[in-house]
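Next come the chains, spelled out residue by residue.
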Amino acid sequence: MSLYLIPVLLSFLSISSASQCKPLQCGCMQGKSPPWCIPKSYEVQKPPFLYKAVGNQKMNLVFGFTIREVSEVKDSDQVLTIPMYLSIHWIENRLVIDPNHRSWSDNSTGPTNETTEEAETLKNLWRPNLEIYGLEAFNNHKILGEMAGLRITKGKVVKYDIKVTVEISCQMDFTQYPFDEHVCAFQMGSYFYDKNSMTCSSTYFDPADETDFLERNLQYTITFRKLSAR
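Note that this is a predicted model, so its numbers are computed, not measured.

Participant: What am I meant to see in the state of the cysteines here?
Facilitator: Disulfide: a covalent bond formed between the sulfur atoms of two cysteine residues. In total, this model carries 3 disulfides according to the counting rule given. With its sulfur 2.1 Å from that of its partner, Cys 21 forms a disulfide with Cys 28. Every disulfide takes its handedness from the sign of the S-S torsion; for Cys 21 and Cys 28 that torsion is -60°, giving left-handed. On the basis of relative accessibility, which here comes to 22%, the residue Cys 28 falls in the partly exposed class.

Participant: Sorry, what's going on with the pattern of salt bridges here?
Facilitator: It is possible for side chains bearing opposite charge to pair when their charged atoms get close. With the rule as written, the count across this model stands at 4 salt bridges. Lys 46 is the partner of Glu 43 in a salt bridge, and the nearest nitrogen-oxygen pair spans 3.7 Å. For Glu 43, a relative accessible area of 32% translates into the label partly exposed. Of the charged contacts in the structure, one is a salt bridge between Glu 114 and Arg 151, with a shortest N-O distance of 3.9 Å.

Participant: What am I meant to see in the side chain of His 101 here?
Facilitator: Summarising the element assignment, His 101 is placed in the loop between strand E5 (96-97) and strand E6 (114-117). A polar contact of 2.6 Å, which involves the side chain of His 101, links it to the backbone oxygen of Ser 33. Those residues in contact with His 101 that lie beyond four places of it in its chain are Ser 33, Pro 34 and Pro 35.

Participant: Is there a simple way to explain the environment of Val 73 in this structure?
Facilitator: Within the fold, Val 73 resides in strand E3 (residues 72-74). With relative accessibility at 16%, the residue Val 73 sits in the buried group. Separated by 94 residues in the primary sequence, Val 73 and Glu 167 place their C-alpha atoms 9.5 Å from one another.

Participant: Mind showing me how you'd approach the pairing of strand E10 (residues 157-169) here?
Facilitator: The buried fraction of E10 amounts to 10 of the 13 residues, a majority that puts the element mostly inside the structure. With 13 bridges connecting them, strand E4 (residues 79-91) and E10 associate as antiparallel partners. Its bridge partner being in E10, Leu 86 is matched across the sheet by Ile 162. In the sheet, strand E8 (residues 135-140) pairs with E10 via 5 bridges, with the strands oriented antiparallel. Following the sheet pairing, Ala 137 is matched in E10 by Glu 167. Where strand E9 (residues 148-153) lies against E10, 5 bridges are found, and the strand directions are antiparallel. Looking at E10, one finds that Leu 150 is bridged to Tyr 160.

Participant: Is there a simple way to explain the packing of aromatic side chains in this structure?
Facilitator: For any pair of aromatic rings, geometry is given as the distance between the ring centres together with the angle between the planes. If you walk through the whole model with that rule in mind, you get 5 aromatic pairs. Between the aromatic rings of Phe 49 and Tyr 193, the centroid separation amounts to 5.2 Å while the plane-to-plane angle is 90°, which identifies the pairing as edge-to-face. On the criterion of sequence distance, the pair formed by Phe 49 in the loop between strand E1 (36-37) and strand E2 (59-67) and Tyr 193 in the loop between strand E11 (188-190) and strand E12 (198-205) is long-range, its members being 144 residues apart. For Phe 49, a relative accessible area of 4% translates into the label buried. A centroid spacing of 4.9 Å and a plane angle of 90° characterise the contact between Phe 192 and Tyr 193, whose relative ring orientation is edge-to-face. For Tyr 193, a relative accessible area of 26% translates into the label partly exposed. An aromatic cluster of three or more residues is present, and its members are Phe 49, Phe 192 and Tyr 193.

Calculation criteria
All residue numbers here refer to positions counted from 1 along the written sequence of the relevant chain. Reporting of local features is limited, given that this is a predicted model, to residues whose pLDDT is at least 70; pairs of side-chain atoms are given and counted only at 80 or more, and all residues count toward the totals for whole chains, interfaces and linings. For the side-chain quantities, the full set of heavy atoms in the structure was used; hydrogens and water were omitted. Note on disulfides: each one is a pair of cysteine sulfur atoms within 2.5 Å. For each residue, the accessible area found with a 1.4 Å probe, counting protein chains only, is set against the maximum for its type, and the residue is called buried under 20%, exposed over 50%, and partly exposed in between. One speaks of a salt bridge when a side-chain nitrogen belonging to Lys or Arg is within 4 Å of a carboxyl oxygen belonging to Asp or Glu. We count a stretch as a helix when DSSP gives it H or I for four or more residues in a row; a strand needs E for two or more, and each element gets its number in order from the N terminus. Whenever two N or O atoms come within 3.5 Å, that pair is a polar contact, provided that in protein one can donate a hydrogen and the other can accept it, and provided that, for residues adjacent in sequence, both atoms are side-chain atoms. Residue contacts are counted whenever heavy atoms from the two residues lie within 4.5 Å of one another. Any two strands with at least two DSSP-identified bridges between them are counted as paired. Pairing of aromatic side chains requires ring centres within 6.5 Å, counting the rings of Phe and Tyr and the six-membered ring of Trp. Pairs whose planes differ by under 30 degrees are stacked, by over 60 edge-to-face, and all others tilted.

Structure follows, in structure tokens:
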């Protein structure tokens, strides 16, 4: 009986070891040589800044907003509906990068020094918990799948882009009607961490600045501007 027990035990141990591999884990991709991977010790629940040197445990989230228009203004509910392309970037310093991989010089699917991944890949990486102040609704756009994309850069930057429609509340004062004017702030940031560990910066792009795009015929005149310009 002992002659048969040993190979059965080895087979069991082999299966158990393989089952411990996580998606995207270094050394667990069946002979493939990926441009990047995650270490075995990677903890998806913990933010990257916890693994930086003491005294430098801080990170920055970079938001990008591409907004063509405000599609609807609900006066009675004091709510704005804004379709936009939203991008979120952050550095994931725990990624293991192969600097000599050919993907970094290939621009067939995107810029050089970046790899294009399926959006679903993001579920295997740490993601920031975000808050939009005054949020009423947040809707993703889908056709055959979610209108979203993911890129990983050679410099360990995670870039996530998604098409969404956002509804936010805005206090409006109609005492000057029909010459009333309202300033509505769109603010986005970390839900859990404060500025001592997680800061935010942003860029805004209006496609109307570079194209002949015409806004829908609304009864409102809408102007976008940065909060710092107020």
